[in-house]
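This is what each chain is made of:
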Amino acid sequence: MLDQYKRQIEYMRISVTDRCNLRCRYCMPETGIEWLPHEDILTYEEILQLMRISIQFGFKSFRITGGEPLVRKGIIDFIRQAVQLPGVEDLMVTTNGLMLPDMAFDLKAAGVNRINISLDSLEQLRYEEITRGGQVERVIQGIFRSIEAGLSPVKVNCVVVRSFNLDELPRFVELAKRYPIHVRFIELMPIGISSDRRQDFVPIKEMKEILGLKELDASTCVKGSGPAQAFIPDGFIGSVGFISALSRHFCHSCNRVRLTADGKLRACLHSKHEVDLRSAMRSGLPDAEIAGLFASAVWNKPAQHHMNDQVWQDRRIMSQIGG
Ligand code: SAM
Ligand code: SF4
């Protein structure tokens, strides 16, 4: 469906849980957060109902995220059902990868085609430090297990944080050179606990300079990479891309909305405005009225975010909104 700015909105990111088995320093406070009580989290049946409603409006792509989506019990069965909904063309998962060594083949069999794996360091000590306890070896195994399972493309998303991993960029590029891995470098966003991490922000321009990729030939540019600007340099098996939410935002072509684990529809990641679809469903409103609420939330999607304004701050952290 079109929003009031004539953007075609057809992609929903669905957070199935606010829980996570890591505590990444730029995403979650050390003490964790107060988890949503179980009864506040949408049931799988409720999520499927909202997917059906969105499909009526022409939505066709869905990404399952969290928190860490693979920790939610029953996730594989849910994905199997979601993929089978008539109208679903693409179902993707974003994960920290820790559970992929055991789950990659099941995800593929359930119908997932693409997977994004978040990984900010290839060194165990540093990874452990950034994630407060994660085992990088598991994630690397998970990446290769995903390739073996036939998930394609396998993307590795690396949030570049000045004080964490600026020196590791070339090692990530090496992965894309040698394997069918699509590395995406992402600018840190001032969300939740990262709202005051401005000093850690690294603009894409600087990342490219470090990598000597300034002069990339436009012919190596991968078309249809969504918000990423992606390239396949000569001799590479995978690709290298950059996602710049701040220094060159892509709001004019944004096609997505987000459904939080507690059933709020957020038309923009960076707007505090949410529509409470869970309460609407649980109060017994007929589907047609819920569809009306859904449609008006999409119609009212803000023109653009205001993250570059210093005053911006959100009460929800990234794992609660669904990254
Ligand atoms: N737990 C899963 C994972 O880590 O992939 C899915 C949820 S996580 C919130 C989704 C993505 O958001 C991750 O790639 C993470 O690195 C990213 N993220 C979290 N906080 C961020 C921030 N402040 N700026 C940019 N990306 C962020
Ligand atoms: Fe968990 Fe993902 Fe947030 Fe890390 S980025 S704490 S893995 S939700």
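Going by the structure above, here's the rest.
Residues numbered from 1 in each chain as written. Chains lettered and ligands numbered in written order. Predicted model: local features only at pLDDT ≥ 70, side-chain atom pairs only at ≥ 80, totals over all residues. Heavy atoms only, no water.

Colleague: Lay out the state of the cysteines with the relevant residues and their values.
Modeller: In total, this model carries 0 disulfides according to the counting rule given. Distance from the sulfur of Cys-251, which forms no disulfide, to the nearest cysteine sulfur (Cys-268) is 6.3 Å. With relative accessibility at 10%, the residue Cys-251 sits in the buried group. (Disulfide = S-S within 2.5 Å. Buried < 20%, exposed > 50% of the residue type's maximum accessible area, 1.4 Å probe, protein only.)

Colleague: Break down the environment of Ala-291 for me, with residues and values.
Modeller: Its location among the elements puts Ala-291 in helix α10 (residues 287-299). Take Ala-291: its relative accessible area is 7%, and that puts it in the buried class. C-alpha separation for the pair Ala-291 and Ile-53, spaced 238 residues apart in sequence, amounts to 5.9 Å. With sequence-adjacent residues up to four places away left out, Ala-291 is seen in contact with Ile-53, Gln-56 and Phe-57. (Helix = DSSP H or I, 4+ residues; strand = E, 2+ residues; numbered from the N terminus. Contact = heavy atoms within 4.5 Å.)

Colleague: Lay out the environment of Thr-43 in plain terms, naming residues and giving numbers.
Modeller: Along the chain, Thr-43 falls in the loop between β1 (11-15) and α1 (44-56). Judged by relative accessible area, which is 38%, Thr-43 ranks as partly exposed. Between the C-alpha atom of Thr-43 and that of Asp-262, which follows or precedes it by 219 residues, the distance is 9.3 Å. Beyond its immediate chain neighbours, meaning those up to four positions away, Thr-43 contacts Arg-72 and Arg-282.

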